[in-house]
Structure formats: C-alpha cells, structure tokens
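Inside the fold
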Amino acid sequence: MCCCTASTQNSKLYSVNQPGAASTQNTTSAAANMPKRIPISKQLASVKALGKGSELEKAFATVAVVYNNSADPEGKLSKAETKTLLQTQFMNFIQGQENKPKYQEIISALDEDKDNKIDFEDFMILLLSLALLSDLLQEIRNIRTTK
C-alpha cells in the first residue's frame, strides 16, 4: 500500500449528512453528536510541505485527501464506494464516456459482485485510465497557453 494513506487512514471523519453508526436518536441530535468534516482545503493546509508546493503537488494531495476521506480504516474502498466516488468527484471527466467500450469495461469491473476492495494505488490507476479516455482531457489539452 502507498504510504500516502498510512498516516491518515485511521482518522476518517464523517460529515453531518453522511450516515454513521445506527442510532435511535432523532436526526437532529444524531447529527449534532457527529463530528463535522474538515474542509479539504483545511486538511491540505495542515500539511506544511504543501505550503510551498507546486500546483501539481497540491492537485495530487487533493486526490489523496478525497480518497482518504472516503476510505475505510484500512485505507481501502469497496468497488461500489469507488464507483460512487468517481460519479460524484470525477463526473466531468466521465461524462459522455458511457458508450465507449473501454469505459464500459472499466466500470463493469467495479460492478462485479465480489468482495474485492480497491487500495489507493489501484484507485490512482483507475482515475488515470478514466482521465485518459475523457473528452474533457482533450478539451484541456486544446487550451491555449499563449496569445
């Protein structure tokens, strides 16, 4: 497993709207008892080395923090959790890809009924694979950088 998840894997925080342990309390008091999720920007700010980090380093750190916030205490995601994370956090990259055979192959692997979990390294490979298929990536590559 990558060392990126080792330092934060046991500090998973739940947002007020995210279901936690089952409770007989009403929603209002149950939500009040759950810690609020620390915003990603504040989580990143707590890493001193990123203060002077490059845009690429900060982008990669953001991916690691988003993954860690969703991962279980062992630093892994179920395939269903991975699919949900991609659909909510990577939606603009996967939009319009549904009919591409390679996309369907990648996503169908997540739909299989297995107990396999995805670690950070596999998640990054998956993310990169989907990004490379993306129409959005092509649009980004066509951005003019000079006048």
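Below is a summary of the structure that appears in this document. Here the residue index of a chain counts from 1 through its sequence in written order. For this predicted model, a pLDDT threshold of at least 70 governs which residues receive local features, and a threshold of 80 or more governs which side-chain atom pairs are given and counted, while totals over whole chains, interfaces and linings are taken from all residues. For the side-chain quantities, the full set of heavy atoms in the structure was used; hydrogens and water were omitted.

What to know about helix H5 (residues 79-89)
Put simply, the rule is: The cut-offs for exposure are 20% and 50% of the maximum accessible area for each residue type, with area from a 1.4 Å probe on protein chains only; residues under the lower value are buried, those over the upper are exposed, and the others partly exposed. Strands are runs of DSSP state E lasting at least 2 residues, helices are runs of H or I lasting at least 4, and numbering of each runs from the N terminus. In this description, the arc belongs to the directions extending from the helix axis to the C-beta atoms.
Taken residue by residue, H5 has Lys79, Thr82, Leu85 and Leu86 as its buried positions. Each buried residue of H5 sits inside an arc of 120° when the element is viewed along its axis, so together they form one side.

Topic: helix H8 (residues 120-133)
This is how the line gets drawn: To estimate the expected span of a helix, subtract one from its residue number and multiply by 1.5 Å.
Between the first and last C-alpha of H8 there are 20 Å, a value that for 14 residues agrees with the 20 Å anticipated at 1.5 Å per step. The complete set of buried residues in H8 reads Phe120, Phe123, Leu126, Leu127, Leu130 and Ala131. When H8 is viewed along its axis, its buried side chains cluster within an angular range of 130° and face the same direction. Among the exposed residues of H8, those oriented more than 90 degrees off its buried face are Ile125, Leu128 and Leu132.

Let's talk about the packing of aromatic side chains
For clarity, the cut-off: Within 6.5 Å between ring centres, the rings of Phe, Tyr and Trp (the latter by its six-membered ring) count as paired, and their orientation is classed by plane angle as stacked under 30 degrees, edge-to-face over 60, tilted in between.
Across all of its chains, the model carries four aromatic pairs by this definition. Aromatic side chains Phe60 and Phe120 sit 6.1 Å apart centroid to centroid with 85° between the ring planes, which places their arrangement in the edge-to-face category. In this pair, Phe60 is assigned in helix H4 (residues 55-70) and Phe120 in helix H8, connecting sequence segments 60 residues apart. Given a relative accessible area of 39%, Phe60 falls into the partly exposed group. Taking the centre distance of 4.7 Å and the plane angle of 10° together, the rings of Phe90 and Phe93 count as stacked. Here the two residues Phe90 and Phe93 agree in accessibility, since each one is buried.

Details of the pattern of salt bridges
Let me state the cut-off plainly: Definition used for salt bridges: Asp or Glu carboxyl oxygen within 4 Å of a side-chain nitrogen of Lys or Arg.
Applying the stated rule across the entire model yields three salt bridges. The shortest N-O distance in the salt bridge between Asp135 and Lys100 comes to 3.3 Å. Taken together, the residues span a long stretch of sequence, with Asp135 in helix H9 (residues 135-141) and Lys100 in the loop between helix H6 (91-94) and helix H7 (101-111) at a distance of 35 residues. The class for Asp135 is partly exposed, based on a relative accessible area of 43%. Classification of Lys100 by relative accessible area gives partly exposed; the value is 28%. Of the charged contacts in the structure, one is a salt bridge between Lys102 and Glu105, with a shortest N-O distance of 3.6 Å. Here Glu105 and Lys102 lie together in helix H7, a separation of three residues that amounts to about one turn.

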